[in-house]
Amino acid sequence: MTHIGIRVINPNTARAMTENIGRCARAVAAPSTVVTAVNPAMGPESIESHYDEALAVPGLLAEIAAGEAAGADGYVIACFGDPGLDAARELASGPVVGIAEAAMHAATLVGRSFSVVTTLARTTGRAWDLAARYGFAGACRGVRACDIPVLELDDPSSDARKVVTALCAETVERDGCDSIVLGCAGMAPFCADISRTVGVPVIDGVAVATKLVESLVSLGLRTSTRGEFAPPGPKRYTGLLRDFTV
Ligand code: 2AL
């Protein structure tokens, strides 16, 4: 059997978070799948605003280009805002799946409704936008914020795991949702613990996106290049972005 190479891209520059994301992806990948977890060399250390998200995208696209050069079969964008997803699809020859779209699709396969539990309150608008974009606004019962910054999720001295678990349990009660979608890649290591506590499916987009990319690659399915997702045309890029000329 041939190996499937999946590049899981954490679009922030926090290396420890990238390692955790890689572990969670490898835990669900088939034995014959090779997961390479990477993060950009430039950009924000965490993505918690529209500004962070916009400035994370060039580094993310550089990682897609590096993956193409290395022969990657597919990609996961491991940040819940799904930053740069459409642009990544224009560059990549294999499938690209964002963790928010993966998790929301999975949620609607295992129940009628879901709520998202995310980090800072300021990111809740983005989660609602993505639910609408993917056609799941009617299934999304709520988006709740724990107000823990992304990098604190990764800090073993923080009580983040307890706080997020409690918020997930409270959200199931308050929203009456059939499942919980974890709204940050930094919550991926909490998924099994939270599942045991809350009594409804808890969905980590890193795991689902990894399995979806693996499935799409094994089915021979890749992003259509017929229209919108055709490779971008040649064009001069200047200044700091001069290396992004395709
Ligand atoms: C995220 C995420 O998944 N990674 C990151 O840096 N920020 N999402 C979020 N809602 O804060």
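It should be noted that the structure appears before, not after, this text.
Anyway, here's the lowdown on the structure attached to this text. (Residues numbered from 1 in each chain as written. Predicted model: local features only at pLDDT ≥ 70, side-chain atom pairs only at ≥ 80, totals over all residues. Heavy atoms only, no water.)

### Regarding the environment of R112
- Tracing the backbone shows R112 in the loop between α4 (99-110) and β5 (114-118).
- With relative accessibility at 68%, the residue R112 sits in the exposed group.
- A C-alpha to C-alpha distance of 8.4 Å links R112 and S179, two positions 67 residues apart in sequence.
- In this view, R112 contacts A139 and D178; residues no more than four positions away in its chain are not counted. (Helix = DSSP H or I, 4+ residues; strand = E, 2+ residues; numbered from the N terminus. Buried < 20%, exposed > 50% of the residue type's maximum accessible area, 1.4 Å probe, protein only. Contact = heavy atoms within 4.5 Å.)

### A word on the pattern of salt bridges
- In the structure shown here, the tally under the stated rule is ten salt bridges.
- Residues E63 and R7 are paired through a salt bridge, measuring 3.2 Å at the closest nitrogen-oxygen approach. Residue E63 is found in helix α2 (residues 50-70), and its partner R7 is found in strand β1 (residues 4-9); the two are separated by 56 residues along the sequence.
- For K211, the salt bridge is made with E214, and the minimal N-O distance between the two is 2.7 Å. Remark: E214 and K211 occur in helix α9 (residues 205-218); sequence separation between them is three residues, near one turn of the helix.
- Under the relative-accessibility criterion, E214 is labelled buried at 8%.
- Through salt bridges with shared partners, a single network forms among R161, D193 and R196. (Salt bridge = Lys/Arg side-chain N within 4 Å of Asp/Glu carboxyl O.)

### Re the sheet that holds strand β8 (residues 202-203)
- A sheet is described by the order of its strands in space; here four strands give the open sequence β6-β5-β7-β8, paired in parallel fashion. The two strands at the open ends of the sheet, each matched to only one other strand, are β6 (140-145) and β8.
- The sheet contact formed by β5 and β6 spans five bridges and is parallel. In the strand pairing of β6, S115 is matched with G142. (Pairing = 2+ DSSP bridges.)

### A closer look at the sheet that holds strand β2 (residues 33-38)
- If you walk across this open sheet you meet the four strands as β2-β1-β3-β4, and the pairing is parallel. The sheet terminates laterally at β2 and β4 (96-98), the two strands that pair on one side only. Within the sheet, the average angular offset between the axes of one strand and its neighbour, ignoring direction, is 20 degrees.
- With four bridges connecting them, β1 and strand β3 (residues 74-77) associate as parallel partners. Looking at the pairing, I9 lines up with I77 of β3.
- Lying over the sheet, α2 contacts β1, β2 and β3, oriented at roughly 165 degrees with respect to β1.
- Across the sheet, α9 touches β1, β2, β3 and β4, and the angle it forms with β1 is around 145 degrees. (Axes fitted to C-alpha atoms, helices over the stretch in contact; angles between N-to-C directions.)

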